[in-house]
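# Examining the three-dimensional arrangement
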Amino acid sequence: ARFARLRIAGFKSFADATTIDILPGLTGIVGPNGCGKSNVVDALRWAMGEASAKSLRGGEMDDVIFAGTMARPARSLAEVAVILTETAGLAPAPFQAEPELEISRKIERGSGSLYRVNGRETRARDVATLFADLASGARSSALISQGKISALVNARPEERRAVLEEAAGITGLHSRRHEAELKLRAAEQNLTRAADLRGQQE
Ligand code: ATP
C-alpha cells in the first residue's frame, strides 16, 4: 500500500480544509519555525489512531482541534483522513475491490473520536489492526521521531523483537489473536451459563 493523500480540516493550525498529496518517492516539508510542519505528522499519527494527547503535544485530546487565533474563532471539530492506494490484498473484506482506502478520524469538542473506513463507522481497534497489517500506524517504527534511534539501541530484547515483527509483517496477528481470545472467553462463559440453565431445568 502507499500513502496517497492526507486531508486535514480543523486540526491544530489547519483551520481550513487542506489536502496534501503524497507523491511516490521522498517528500519533504519545509517552512519557517512554527508554521505547522510537525502538525502534518501529528495529523497523520492521529488519524492512524494515536491515543496519547501528550505525544501529540497537547494536554487532552480536544487540544488537537483548531483553538482559534486573534483573527479567527476556534472550531468545534477536527477531521483527518488518510488515503491509501495500492491496497490490493491488504484492505479489510468489505473494501477489497475498492481502488482506494480512506481512513478518517473525527473529533468533536467534548464527545470523543469517531473512525471511518471508506465512510463506514469502524472501531478504533480495527483501524489499529489495519495499520498493523500494513506495518504502519501511530506508534509504528516507520515513523522515526527524535530520540527513537538511541531508544532502539538501548531497548530491551522484547522491544527490539516488536520492531522485527513489524518488519516481518506479522504485527497484525497479535491483535487478531487477542480478539480471538476475547471471543473464545465470551463463548466459554456462554457455554457455562447454558450448562447452568440446563442443570436447573433437569
Ligand atoms: P518547528 O519548526 O518549531 O518545529 P513546526 O513548523 O513544526 O515548527 P508545528 O509545531 O507543527 O510547527 O506548529 C506549531 C504551530 O501550530 C504553532 O503556531 C501553534 O500555535 C499552532 N497550533 C498547535 N495546536 C493548535 C491548535 N489546537 N489550534 C491552533 N493552532 C495550533
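Along every chain, residues carry numbers that run from 1 in the direction the sequence is written. Two thresholds apply to this predicted model, a pLDDT of at least 70 for residue-level local features and 80 or more for giving and counting side-chain atom pairs, whereas whole-chain, interface and lining totals are computed over all residues.

If you look the protein chain up in an unreviewed UniProt entry, it shows as Chromosome partition protein Smc from Acidiphilium iwatense.

What follows covers the site of the ligand. Defining nearness, a residue is near a molecule or strand when the C-beta atom obtained from its backbone falls within 6 Å of it. By nearness alone, 14 residues border the ligand, and Ser13, Lys37, Ser38, Asn39 and Ala67 come closest of all. Charged residues are taken to be Asp, Glu, Lys and Arg, nonpolar residues to be Ala, Val, Leu, Ile, Met, Phe, Trp, Tyr, Cys and Pro, and polar residues to be all remaining types, Gly included. Here the shell around the ligand is composed, by residue class, of four nonpolar, seven polar and three charged.

Quick look at the packing of helix α2 (residues 124-133) against helix α5 (residues 171-201) now. The N-to-C vectors of α2 and α5 enclose an angle of 150°; their axes lie 7 Å apart at closest approach. By the angle class used here, α2 and α5 are roughly antiparallel. Crossing hand, α2 versus α5: left-handed. Taking contact as the criterion, the partners of Arg125, Ala128, Thr129, Ala132 and Asp133 in α2 are, on α5, Thr171, Gly172, Ser175 and Arg176. For the contact of α2 with α5, the per-class residue count stands at two nonpolar, four polar and three charged. Think of each axis as a best-fit line through the C-alpha atoms, taken over the contacting stretch in the case of a helix, with angles from 0 to 180 degrees between the N-to-C directions. A run of DSSP states H or I qualifies as a helix once it reaches four residues; a run of E qualifies as a strand once it reaches two. Both are numbered from the N-terminal end. With respect to orientation, any angle under 35 degrees is reported as roughly parallel, any angle over 145 as roughly antiparallel, any angle of 65 to 115 as roughly perpendicular, and every other angle as oblique. The sense of a crossing depends on the near helix, which, turned anticlockwise from the far helix by less than a right angle, makes the crossing left-handed and, turned clockwise, makes it right-handed. Residues are scored as being in contact if the C-beta atoms we place from backbone atoms lie within 7 Å.

One can find alanine 187 in helix α5. Sequence spacing of alanine 187 and asparagine 33 is 154 residues, and the spatial spacing of their C-alpha atoms is 55 Å.

Time to look at unusual backbone geometry. For lysine 12, which is not glycine, the phi torsion reads 45° and is therefore positive. Along the chain, lysine 12 falls in the loop between β1 (2-9) and β2 (18-21). Exposure classes come from backbone-placed C-beta atoms, where a residue is buried if 20 or more other C-beta atoms lie within 10 Å of its own, exposed if 12 or fewer do, and partly exposed in between. On the neighbour-count criterion, lysine 12 (23 C-beta atoms within 10 Å) is buried. Although it is not a glycine, alanine 135 sits at a positive phi angle of roughly 55°. Its place among the elements puts alanine 135 in the loop between α2 and α3 (148-153).

As defined by bridge partners, β1 adjoins strand β3 (residues 77-85) across seven bridges and the pair is classed as antiparallel. Across the sheet, the residue bridging to arginine 2 is threonine 85, located in β3. The sheet contact formed by β3 and strand β4 (residues 100-108) spans nine bridges and is antiparallel. Its bridge partner lying in β4, alanine 81 is registered against serine 104. For two strands to count as paired, DSSP must find a minimum of two bridges between them.

Taken in spatial order, the six strands make up an open sheet running β2-β1-β3-β4-β5-β6, and their pairing is antiparallel. In the strand order of this sheet, the two ends are held by β2 and β6 (120-122), each with one partner. Ignoring which end each strand starts from, the neighbouring axes of this sheet average 20° apart. Strands β1, β2, β3 and β4 of the sheet are contacted by helix α1 (residues 37-47), whose axis makes an angle of about 80° with β3.

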